[in-house]
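Architecture and fold: a report
The residues making up each chain are set out below.
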Amino acid sequence: MPTTPDSASLARIPTDVAEVFQEVQVSSNNHQRNCVKLFKIHDEAHAIRTEATTVGKERLRGGHIFQNAFLKCLCTALLQRDKKLDAYVKRVAQFTGAYFEFVNKKALERYAARVEAGDVDEMDPESVEHAEATISGFTFTAYMLREFVLKGINAGEESVRENVLHFFSKMARSLGALAPHHYDGLKNGLMEDLKRHGSDNTHPSRPAIVACLSCLSTAAQGSDAAIARTLFTFLSPNEPKGVLKAALSNIYLTSNAIPHLVKLSRHADASTRKLVYTALAKQMVEQDEEGQMKRGPTHPRNLPIDSMQRLIEAGLQDREDSVKAAATALVEAWIKVLGEECQEPGGEALRTEKGIFSLLSPFNVHLPNSQQRSKNVEILLDAIFEKRRDISHEYNFEEPGYWKHIGVEKAVFSRVLIDFLEKTDQERLQDILPLTVNIVNDIGLLFQELVELYDTCSTDDENVDDDDCDRKDAAFIEVLKVATRLDYRASASGRNQMVLITEKVLREHRLPLEVLSPCVDILLRANPQSNRKEFVSTIARAASDLRGLASQTPEDQERLEIVEGRCLKMFMFMLREVNKSCDFAQDQTFDYIFNVFIRPNTSRVHSESLMKDALECESLLAVIRRDMAPGVFHRHWMRLENGGADMAIGIRTTLHKIVFDLLLVYGPVLFRFDPKVPLQWNPIVQNLSSQLQLGDGNDPAVLSVLCHGWMKMILEDHLGDKPDLEDTIMLKLFKIWFDSTVRQLPALRHAIGEFFAGCGCMSARTQKLVGRIFVPAYREAAILRVRHGKGETDYTSAEICEKFYEWTHPQKLEAYLNKTRGNAEGVNYSAQLDLACEIVMALFERNQDDSKLKAEDKKELYKLLQRLYLPDTPNELRVGDLGLLLGRLKKYRPPTERTSKTALQKFEGQLTGQYRTQLSRLNESDHMKLGESKKYFDFVDDIISDDDSPNFRMHGSGGPVTRSRKRREVATAADSRGEATGPVPKKPRTSMSSAGSYPDSEVEEDVDADLSRLLSHGVHLSTITSSSSSSSSPAVGNVGQDSLFSDSEGEEAEVTGILAG
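The notes below deal with the structure included here. Every chain begins its residue count from 1, and numbering advances along the sequence as written. Totals for whole chains, interfaces and linings use all residues, but because this is a predicted model, local features are given only for residues with pLDDT of at least 70 and pairs of side-chain atoms are given and counted only at 80 or more. Water and hydrogen atoms were dropped before computing side-chain values, which therefore reflect all heavy atoms in the structure.

1. Structural notes on the environment of His636
So the rule is basically this: Labels follow the DSSP assignment, with helices taken as runs of H or I lasting at least four residues and strands as runs of E lasting at least two, numbered in each case from the N terminus. To sort residues, take the accessible area from a 1.4 Å probe on protein chains only and compare it with the maximum for the residue type: under 20% means buried, over 50% means exposed, and anything in between is partly exposed.
Summarising the element assignment, His636 is placed in helix 29 (residues 629-643). We classify His636 as buried; its relative accessible area is 2%. Sequence separation between His636 and His656 is 20 residues, and the spatial gap between their C-alpha atoms is 8.5 Å.

In structure tokens form, the structure reads like this:
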């Protein structure tokens, strides 16, 4: 109810508001309590009204005073220029954003209550306008937009615009529909600010502008095409993390925005990848104009299937748990929304099941060439089963007729669930697996139905649907995969029946090739380990029978090639399963397979697919029979050497795979099996190393095989005795990963990135390899950046430093080893101390040519130094080496850039503070005698001898001589006195009110200055209060003349002047 104006009540409002802000600036823990407290003050002030003298309407006297008091405190904080008080400004901005959200929520609740009570007629514009004018939240928001935001974003001083934008980015999240003049003014101001920055994507106010534009887009429900086009440019992988975070956190998604988000799902930054999935989970369901719910742009039925696949593949396999969790939450949301759309009655479990089957349907795993879609479905289901363990605990396969009439989605679901339980819960798997005899009978019936369906198709019956055939094929293949998990030892009759069915399936040439792999697995599982030769003979008989079905006449040559290709696929799966420890050296069955099926097809130049399969079978056979390996390797290597440009890319790729496979299996001993083979290990690996580079006519497919082959060679330590070659290969892989031309090969770039990440958390040996190449790799990246231009490379110096920081962090390796082995033995906790020594040596370089590091590159190295991990129990020798290098760096090549100097001081302070004891124990004269440290002493002496230092002189004809002994004695004496200490930290400011005032020339003398003039000049409001001469730190809760958030006399502030009485 309105109350009569009371001068004491009016005078108390600014003081009460300042008290709240006084608490807010110190701590963010009580923002919710302070929101309630401030809202109570707001409500009481809003109720103090006076009658206007003209039209008889009430004047919100107390509301105006509250608004101006709030604005005064806000300006005092946000127009603060002292960078040391940024933490206080940030807390105030967070609070004001939270308060606007709070007050708008309350306003909407009160408006809805008035509508429900009949006090507001929504069909009457005047009634609605009156309600909005008398609800405090609505008037307060309109006032702040008009008097602060719209004027502030057009201010003449950039720092003022930045602070106002920062505030509005917090406020905009809680804005509802905007008046047209407010919307246009905000849009034009933000667009104009963007034009001022041009293409500078590192401008500090850019994230705030993006956040504000995103909120405006939400207010317009994505209908503003100009804002949408602008925002899409910010969804580029090249934008800074802050900009991407602002866009993804606030953007209103439309179908046109989805492709941009899908690209960002493979962004280098984990937090950005997580935000992609968080954003996609927001707008699955929306309200239409009539208030009815409809499918939103991120609804699984509105997302393109290609986009869904890329999101699943990237998110659910992400190496960061937080990203994986966000992607899993998105999949759960998809399942929930699809389950709710099902009209069938049932409980939560049934809706979840229907939602899963509905989600799988668009993937069309039954169509030909759907291997990647099937793989993504498996990834998706595995994530669901991992998150929802209740599904596996409640599901049951014993339902009558479950397998006989199973659909493709249900079959895929069942098979993946069985695979999941085999890895995670064997006991539960045994409980739900069907009896072997029952499922074997169902498989036999399914096979008979398929044969009858094929016979019907061959008669050109119009009633037969090809899609129905494909779906039955896919379901049958999934059931065969389930049969590979059965225990045939418990049921002899089931085993014999399954073997007979499997042999019939292998002889049926009309079935898709995908049935061959599970059939071979079934035969392998049905035959005991001691009877592998019988398993091989069964496959060979089936292939002979299948080949006999094809005529040998020239008219049926095409059919014969199809059948032979099917037989080769069958042998390929068989050879992969056969244990090479079995004695097949003189086995006649393998001789028959090789002479009849494999060798004739290795020269089928006119049929590339047959030739590739035959070559792969030959290499697999060479893995089993070592007596064949040298000859096979020699033939394929010579074919690669002599093939020339005319060789098909598919054949060249296959030959490279075979070469690497044999090298990985046998290593250098491969060439000792047969002395007659004129090949040696060293020339082979050197030749393969020379081929590992972009350009030079390397096809992307061949380059991919070379990269994968070398990555496996390094991980399996086949180059342990050749560290220089290891470093060369690692550096080449890094250059390929870094080069912008590899954008066209995202799978290869991702694989190399995963390789480096895997090296960092696999073993101390592989982590050391990554650390060893950091400086050369960083230098190569800097050279490429200069050569191609900054905008043409995908990774900045800071991003590369961040990558290697993660890849070489000992605690990452420790966590992985504890997770996989249960202990962290072998971790080198001084790995980043080694890295620090290499970095400091690189910082001695001078920027003389393009091959040297530039100042901006060195700055990132200095910043990296202060982040490196310093273990509690370090390698003392390395600590001494690092102390030596740092001392000489400061003396002879000190940094000149301010950020670099600060970073070096901090790192030196950390090092000397943490390792003071170790450094005091090291005597430099003894230290230099140690072999491992000699290279650092030699390096320092070489650097100093090239310097123009006064401590350097020439002696006779013997070349440069340094006074190294004298310098080392001086350095040792300084260390013993403890002079090598870190920087003395400056005393921090304790409160925002400790900031100094601006020069008198910038102070507006008239305290009744117009707010627009104030904002246009960016005047610090604390300088124009009557008590601004004091700059002492205010105490929490004490509001007096020393506080920025104080009102000196408690005067009433009007709209036209923030302090006017």
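2. Examining the pattern of salt bridges
The criterion, for reference: Whenever a carboxyl oxygen of Asp or Glu lies within 4 Å of a side-chain nitrogen of Lys or Arg, that contact is scored as a salt bridge.
For the structure on display, the rule yields 44 salt bridges. As a salt-bridge pair, Glu332 and Lys387 come within 2.9 Å of each other at their nearest N and O atoms. A residue pair is termed long-range when its members are at least 10 positions apart, and Glu332 in helix 15 (residues 321-341) and Lys387 in helix 17 (residues 371-387) qualify at 55 residues. Judged by its relative accessible area of 25%, Glu332 falls in the partly exposed class. Each of Glu378, Arg415, Asp419, Glu422, Glu478, Lys481 and Arg485 takes part in a single network of salt bridges with overlapping partners.

3. So, unusual backbone geometry
Although it is not a glycine, Asn364 adopts a positive phi angle of roughly 50°. With relative accessibility at 29%, the residue Asn364 sits in the partly exposed group.

4. Observations regarding helix 15
The criterion, for reference: Helices are assigned an expected span. That span is 1.5 Å times one less than the residue count. Contacts are assigned to residue pairs with any non-hydrogen atoms lying within 4.5 Å of each other.
Compared with the 30 Å implied by 1.5 Å per residue over 21 residues, the 30 Å span of helix 15 between its first and last C-alpha is a close match. Turning to helix 15, its buried residues are Val323, Ala326, Ala327, Thr328, Leu330, Val331, Trp334, Ile335, Val337, Leu338 and Gly339. The inward-facing, buried residues of helix 15 abut helix 13 (270-280), strand 3 (285-287), helix 14 (305-315), helix 16 (348-360) and helix 17.

5. Some details on the environment of Arg749
Convention followed: We define a polar contact as two N or O atoms separated by no more than 3.5 Å, with the added condition that, inside protein, one atom must be a possible hydrogen donor and the other a possible acceptor, whereas residues neighbouring each other in sequence contribute only through side-chain atom pairs.
Looking at the secondary structure, you find Arg749 in helix 34 (residues 746-760). A residue is classified by how much of its surface remains accessible, and Arg749, at 12% relative accessible area, is buried. When the C-alpha positions of Arg749 and Phe734 are compared, they lie 9.6 Å apart, and in sequence the two are 15 residues distant. In terms of polar contacts, Arg749 uses its side chain to reach the backbone carbonyl oxygen of Trp737, at 3.0 Å.

6. What to know about the packing of helix 11 (residues 241-250) against helix 13
Definition in use: To obtain an axis, a line is fitted to C-alpha atoms, over the contacting stretch when the element is a helix, and the angle between two such axes runs from 0 to 180 degrees between their N-to-C directions. Throughout this description, any angle smaller than 35 degrees is read as roughly parallel, any larger than 145 degrees as roughly antiparallel, any in the 65 to 115 degree range as roughly perpendicular, and the remainder as oblique. In the scheme used here, Gly and all other residues not listed as nonpolar or charged are polar, with Ala, Val, Leu, Ile, Met, Phe, Trp, Tyr, Cys and Pro taken as nonpolar and Asp, Glu, Lys and Arg as charged.
Running from amino to carboxyl end, helix 11 crosses helix 13 at an angle of 10°, the nearest separation of the two axes being 9 Å. For the element pair helix 11 / helix 13, the angle class is roughly parallel. Contacts between helix 11 and helix 13 involve Lys241, Leu244, Lys245, Leu248 and Ser249 from the former and Thr272, Leu275, Val276 and Ala279 from the latter. Partitioned by chemical class, the residues of the contact of helix 11 with helix 13 number 5 nonpolar, 2 polar and 2 charged.

7. Observations concerning the state of the cysteines
Note the threshold: Count a disulfide wherever a pair of cysteine sulfur atoms falls within 2.5 Å.
Under the defined criterion, the tally for this structure stands at 0 disulfides. Looking at Cys73, it has no disulfide partner, and the nearest cysteine sulfur is the one in Cys75, 9.6 Å off. This cysteine, Cys761, is not joined by any disulfide, and Cys759 carries the nearest cysteine sulfur, 8.9 Å off. Residue Cys761 is classed as partly exposed on the basis of its relative accessible area of 22%.

8. Some words on the packing of aromatic side chains
Worth spelling out the cut-off: Stacked, edge-to-face and tilted labels apply to pairs of Phe, Tyr and Trp rings (six-membered ring for Trp) whose centres lie within 6.5 Å, assigned for plane angles under 30 degrees, over 60, and everything in between, in that order. In this scheme, Lys NZ or Arg CZ marks a charge over a ring once it lies within 6 Å of the ring centre and within 35 degrees of the ring normal.
Under the definition given, this model contains 33 aromatic pairs. Geometrically, the ring pair formed by Phe734 and Phe756 is edge-to-face, given 6.5 Å between the ring centres and 80° between the ring planes. Residue Phe734 is located in helix 33 (residues 723-738), and its partner Phe756 is located in helix 34; the two are separated by 22 residues in the primary sequence. These aromatic residues form a ring-pair network of at least three members: Phe734, Trp737, Phe738, Phe755, Phe756, Phe774, Tyr778, Tyr795, Phe804 and Trp807. Of note, Arg91 hangs over the ring of Tyr88, and the distance from its end group to the ring centre comes to 5.4 Å. Lying over the aromatic face of Phe597, Arg547 brings its terminal NZ or CZ to 5.6 Å of the ring centre.

9. Topic: the side chain of His718
Position of His718 among the secondary structure elements: in the loop between helix 32 (700-715) and helix 33. Overall, the relative accessible area of 17% leaves His718 in the buried class. A polar contact is formed between the side chain of His718 and the backbone oxygen of Leu664, at a distance of 3.2 Å. Residues within four places of His718 in sequence aside, it is in contact with Leu663, Leu664, Gly667, Trp681 and Met713.

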